[in-house]
Amino acid sequence: MISQRGEASQFIFDIQFFAQERTEPATPRKREKVRDEGKVCKSRDLTAAIEIIVGLLGLWVMGSFMAGELTGFIRETIAFIGEGALFRAGWFYRLEYSAIWTYFRIWLLLGIIIVVTVLVVTIRQVGWGVSAKPFEPKFDRMNPISGMKKIISLRSLVELLKSIVKALLFAWVIYLALRDKLPLAVSAMQLSLSEGALRLWDLLWGLSMRLAIMLLIIGVVDYMYQKWDFEKSIKMSKQEVKEEFKQTEGDPQIKSKIRQKQRELAKRRMMASVPKADVVITNPTTLAVALMYERDVMAAPQVVAKGKGVIARKIRELAEEHGVPIVENRPLAWALYESAEIGDEVPEKLYRGVAEILAMVYKLKKKAS
């Protein structure tokens, strides 16, 4: 937004407007969410093209077997009719069973290959996952206004343009294929049944493969477009990324408060352990480390509290209040503070110094008692 005052121009930018622009790639969480909703990147043209090519190759490989099975069925049917079986009861059911079983044997293997191919291609495009959300009823789809928006959308125009281009390309390929082969197709009618069928098969095979390859090229281009359009549709604004980060990682202010509460609880637990300590070692003003040792339970003395400054003073006050001995030893106090955390055992290198202090403390306690 621009406002002018006299000769000077002042630019005022609405930061929130720019924050809502979808310029950021979708996060993994957003991708998982749209995937659960059934929104995936998929090209039907690519799947159909590969399905047709696999089907044609299957016909080429198994063509002789299928033709042999079909010829055998025709011969069996003609022989069955020639026996006068049409006048017998149940003749229709026998022919029906024979036809169904023959066509089932002919197309079963090819059908399985095509189905497996479609599944592999689909999973390769969209990945593996099952979601029931696309089947959930959405009443907003019944809104005629939103329906008209979908019909007159950019996606609909692209699909319409794609269909027109496909129709024109297919017509062009068929024209090129039949322009030189049409006389051969007409001459095939003058040949024997087997020779004419082979010639027509070659013609149809070549035409079908050209159309399938053309559809495959269109499918690859369509998949690239679908992927670009899908990535564009799931882009996020900077504000959405921030909100998602807050939801997954937590609000920084809330996390800071939680950490503060955790520190306060840990401090309280630490201070509650000071009256149970055997000795507090200080330096003597800025550091304090409280040690406890139970011979039957611990392998070595344990640090139950430590702190600097105000915390050190509080530890000393609690120790004095509960009659815990306080010993000044600057080097040992620093060494314990730097090398051991609360709950840790005293490092082995400090055993000697700590043992001497504990022996002195136990000796004084014994004399006092």
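All of these numbers come straight from a predicted model, not from anything done at the bench. (Residues numbered from 1 in each chain as written. Predicted model: local features only at pLDDT ≥ 70, side-chain atom pairs only at ≥ 80, totals over all residues. Heavy atoms only, no water.)

## A word on the overall build of the chain
For clarity, the cut-off: The helix and strand labels rest on DSSP assignments: H or I over at least four residues marks a helix, E over at least two residues marks a strand, and numbering proceeds from the N terminus. Using a 1.4 Å probe on the protein chains alone, a residue whose accessible area is under 20% of its type maximum counts as buried, one over 50% counts as exposed, and one in between counts as partly exposed. In this description, contact between two residues means that some pair of their heavy atoms is separated by no more than 4.5 Å. We get accessible surface area from the Shrake-Rupley algorithm with a probe of 1.4 Å; when it comes to residues, only the shown protein chains can shield them.
Counting its secondary structure elements, the chain contains 12 helices and 8 strands. For the chain, with 369 residues in total, the buried portion stands at 28%. Sequence separation of 24 or more characterises 74% of the internal contacts of the chain that already satisfy a separation of 6 or more. Roughly 26,200 Å² of accessible area belongs to the chain as shown, and the carbon and sulfur atoms make up 63% of that amount.

## Considering the nonpolar core
Definition in use: Definition of nonpolar core: a set of buried residues of the types Ala, Val, Leu, Ile, Met, Phe, Trp, Tyr and Cys, connected through side-chain atoms within 4.5 Å.
By size, the foremost hydrophobic cluster in this structure holds 18 residues, and its most contacted members are Val279, Ile281, Leu291, Leu332, Leu336, Val354 and Ile357. Those elements giving two or more residues to this core turn out to be strand S5 (279-282), strand S6 (287-292), helix H11 (330-339) and helix H12 (351-368). With 16 residues, the next largest nonpolar core counts Val274, Ala288, Met292 and Val324 among its residues.

## Topic: the packing of aromatic side chains
The line we're drawing: Centre distance within 6.5 Å is the pairing criterion for rings of Phe, Tyr and Trp, where only the six-membered ring of Trp is used; planes under 30 degrees apart are then read as stacked, over 60 as edge-to-face, and the remainder as tilted.
Throughout the structure, instances matching the rule amount to 2 aromatic pairs. Ring centres of Trp101 and Phe104 lie 6.0 Å apart, and the angle between their planes is 25°; on these two criteria the pair is classed as stacked. Note that Trp101 and Phe104 are positioned in helix H4 (residues 91-126) at a spacing of 3 residues, about one turn of the helix. Trp101 gets classed as partly exposed once you look at its relative accessible area, which sits at 42%. Exposure remark for Phe104: the relative accessible area of 45% places this residue in the partly exposed category. Ring geometry for Tyr225 against Trp228: centres 6.0 Å apart, planes inclined by 35°, an arrangement best described as tilted. Taken together, the residues span about one helical turn, with Tyr225 and Trp228 both in helix H7 (residues 193-233) at a distance of 3 residues.

## Some words on the confidence of the model for the chain
Interpretation of the predicted coordinates at a detailed level should be avoided for regions scoring low in pLDDT. Where we set the bar: Per residue, pLDDT measures the predictor's confidence, with a range of 0 to 100.
Chain-level statistics for the chain give a pLDDT mean of 76 and a share of 75% at 70 or above. Between the elements of the chain, mean pLDDT differs from a low of 41, seen in strand S1 (residues 2-5), to a high of 91, seen in S5. Scored below 50 in pLDDT, residues 1-19 makes 14 contacts in the model with residues more than four places away or belonging to other chains.

## Thoughts on the sheet that holds strand S7 (residues 302-308)
Definition in use: Here the rule is simple: two strands pair whenever DSSP picks up at least two bridges between them. Angles run from 0 to 180 degrees between N-to-C directions of axes, and those axes are lines fitted to C-alpha atoms, restricted for helices to the stretch in contact.
Strands sit in the order S7-S6-S5-S8 across an open sheet of 4 strands; the sheet is mixed. In the strand order of this sheet, the two ends are held by S7 and strand S8 (326-328), each with one partner. When strand polarity is set aside, the average angle formed by the axes of neighbouring strands in this sheet is 20°. Sheet analysis places S5 next to S8, joined by 3 bridges and oriented parallel.

## Observations concerning the environment of Met236
Mapped onto the secondary structure, Met236 falls in strand S4 (residues 236-237). A C-alpha to C-alpha distance of 6.3 Å links Met236 and Pro25, two positions 211 residues apart in sequence.

## Looking at the side chain of Lys306
Convention followed: Polar contacts, as counted here, are pairs of nitrogen or oxygen atoms within 3.5 Å of one another; within protein the pair requires one atom able to donate a hydrogen and one able to accept it, and residues that are adjacent in sequence qualify only if both atoms are side-chain atoms.
Secondary-structure assignment places Lys306 in strand S7. Classification of Lys306 by relative accessible area gives buried; the value is 12%. At a separation of 2.9 Å, a polar atom in the side chain of Lys306 contacts the main-chain carbonyl oxygen of Tyr337. At 2.9 Å, the side chain of Lys306 forms a polar contact with the backbone oxygen of Ala340. Other than its neighbours up to four places away in sequence, Lys306 contacts Met270, Ala288, Val289, Ile311, Ile315, Tyr337, Ala340, Glu341 and Ile342.

## Considerations on the pattern of salt bridges
Keep this limit in mind: The rule for a salt bridge is simple: a side-chain nitrogen of Lys or Arg has to be within 4 Å of a carboxyl oxygen of Asp or Glu.
In total, this model carries 4 salt bridges according to the counting rule given. Residues Arg105 and Glu69 are paired through a salt bridge, measuring 2.3 Å at the closest nitrogen-oxygen approach. Here the residue Arg105 occupies a position in helix H4, and Glu69 occupies one in helix H3 (residues 44-82), the gap between them amounting to 36 residues. Under the relative-accessibility criterion, Arg105 is labelled partly exposed at 29%. When the shortest N-O distance is used, the salt bridge between Lys306 and Glu341 registers 3.6 Å. With Lys306 in strand S7 and Glu341 in the loop between H11 and H12, this pair connects stretches of sequence that are 35 residues apart.

## Some points on the environment of Gly323
Inspection of the secondary structure puts Gly323 in the loop between helix H10 (309-321) and S8. Measuring from C-alpha to C-alpha, the distance between Gly323 and Ala277 comes to 9.9 Å, with 46 residues separating the pair along the chain.

## Some words on the pairing of S6
Taking burial as the measure, the 6 residues of S6 include 6 buried ones, the bulk of the element. Here S6 shows a buried face lined by Leu287, Val289 and Leu291 and a second buried face lined by Ala288, Ala290 and Met292. Pairing of S5 with S6 involves 4 bridges; the strand directions are antiparallel. Bridge assignment links Val279 to a residue of S6, and that residue is Leu291. Between S5 and S6, which pair antiparallel in sequence order, lie 4 residues. As defined by bridge partners, S6 adjoins S7 across 6 bridges and the pair is classed as antiparallel. Residue pairing in the sheet places Leu287 in a bridge with Lys308 of S7.

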